[in-house]
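Listed here are the chains, written in short residue letters.
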Amino acid sequence: MTLRVFAAAASLSVLVIGTLQSVASAQQPDSASDAFSICGSGQRITCVVDGDTFWFRGEKIRIADIDTPELSPPRCQRERELGLAAKQRLLDILNSGPLSFKTTAREEDRFGRKLRIVYRDRHSVGDMLVAKGLARKWQGSRRSWCE
C-alpha cells in the first residue's frame, strides 16, 4: 500500500512539475523581439544609436538624465573612444533584462526623441553609465569630453 501511494505521488509530482514548466514558458515574453543590436543604416526598431539614445519597439528614446560623448561626429579621439565604450555598455545593459521608463517634465526633445529616465531592475541606466565614467549627469547643456 505504501509503495502504491509513493508511486502515485511521484507520478503526480512529475505531472505537476511538467505543467508548471509549460505554463511558465508560455508566460515569458518573447525576448528575441526585444533583443537590442547596434543600429545600422536600415529600419530602426530595437537598437542602440549611441551612449544615450536608442530605439525601443520603433520609438526613439533619449535617456533624459545623462549626457554621453558624441559619436556623430566626435570632437577628439578621447570623445570617440569614450563614446564607443558608452554605446557598447548601453547595449549590454539594455540586453540584460526588462526595462522600465519614467516620463520627464518634457515629453520630447527638439529632435523628436522621447525623453525618458530608463530603469533596469529599479536602477537608473543613466546612473550605471555615470558610475563607469561613460556619462555625466545632465545639467542642462553639453560639456566637452576632450579635456
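It should be noted that the structure appears before, not after, this text.
Throughout this document, residue positions are counted from 1 along each chain, in the order its sequence is written. Residues qualify for local features only when their pLDDT is at least 70, as the model is predicted, and side-chain atom pairs are given and counted only at 80 or more; totals for whole chains, interfaces and linings, by contrast, use all residues. The basis for the side-chain values is all heavy atoms of the structure; hydrogens and waters are excluded.

A. The arrangement of the overall build of the protein in detail. A tally of regular secondary structure across the protein gives three helices and nine strands. Each helix is a run of H or I in the DSSP string that is no shorter than four residues. Each strand is a run of E no shorter than two, and both are numbered from the N terminus. When the helices and strands of the protein are read in sequence order from the N terminus, they spell out α-β-β-β-β-β-α-β-β-β-α-β. Only protein chains enter the accessibility calculation, which uses a 1.4 Å probe; a residue whose area is less than 20% of its type maximum is buried, one above 50% is exposed, and one in between is partly exposed. In the protein, which comprises 147 residues, the share counted as buried stands at 33%. Using a 1.4 Å probe, accessible areas were evaluated by the Shrake-Rupley method; residue-level cover was limited to the displayed protein chains. As displayed, the protein has an accessible area near 9,500 Å², and 55% of this comes from carbon and sulfur atoms.

B. How the structure looks around the pairing of strand β4 (residues 59-63). Bridge analysis of strand β3 (residues 53-56) against β4 gives four bridges, and the strand direction is antiparallel. Bridge pairing in β4 places Thr53 opposite Arg62. A pair of strands counts as paired when DSSP detects no fewer than two bridges linking them. Linking β3 back to β4 in an antiparallel pair, the connection comprises two residues, with Arg57 at a positive phi of about 55°. In the sheet, β4 pairs with strand β7 (residues 114-120) via three bridges, with the strands oriented parallel. Residue pairing for β7: Ile61 is matched across the bridge by Lys114.

C. A look at unusual backbone geometry. Cis geometry is found at the peptide bond from Ser72 to Pro73, where omega equals -10°. Position of Pro73 relative to the elements: it lies in the loop between β5 (66-67) and α2 (77-94). Of note in this structure, Arg57 is not a glycine but carries a positive phi near 55°. By secondary structure assignment, the location of Arg57 is in the loop between β3 and β4.

D. The arrangement of the packing of aromatic side chains in detail. Pairing of aromatic rings covers Phe, Tyr and Trp, the last through its six-membered ring, and needs centres within 6.5 Å; plane angles under 30 degrees mean stacked, over 60 mean edge-to-face, and all others mean tilted. Scanning the model with the defined rule gives three aromatic pairs in all. With centroids separated by 5.8 Å and ring planes inclined at 75°, the aromatic side chains of Phe36 and Phe54 adopt a geometry described as edge-to-face. Placement of the pair is Phe36 in the loop between α1 (2-27) and β1 (37-38) and Phe54 in strand β3, with a sequence separation of 18 residues. The class of Phe54 is buried, set by a relative accessible area of 0%. An aromatic cluster of at least three residues, connected via ring pairs, comprises Phe36, Phe54, Phe56 and Phe101. A ring is scored as having a charge over it whenever the NZ atom of a lysine or the CZ atom of an arginine sits within 6 Å of its centre and within 35 degrees of its normal. The side chain of Arg62 reaches across the aromatic face of Trp138, ending 5.6 Å from its centre. Geometry around Trp145 places Arg136 over its ring, the cationic atom sitting 3.7 Å from the centre.

E. Molecular detail of the pattern of salt bridges. Whenever Lys or Arg places a side-chain nitrogen within 4 Å of a carboxyl oxygen from Asp or Glu, that contact is recorded as a salt bridge. In total, this model carries ten salt bridges according to the counting rule given. For Glu79, the salt bridge identified is with Arg75, shortest N-O distance 3.0 Å. Looking at Glu79, the relative accessible area reads 0%, which means it is buried. Arg75 gets classed as exposed once you look at its relative accessible area, which sits at 54%. Measuring nitrogen to oxygen at the nearest pair gives 2.7 Å for the salt bridge that ties Asp127 to Lys137. Residue Asp127 is located in helix α3 (residues 125-131), and its partner Lys137 is located in strand β9 (residues 136-137); the two are separated by ten residues in the primary sequence.

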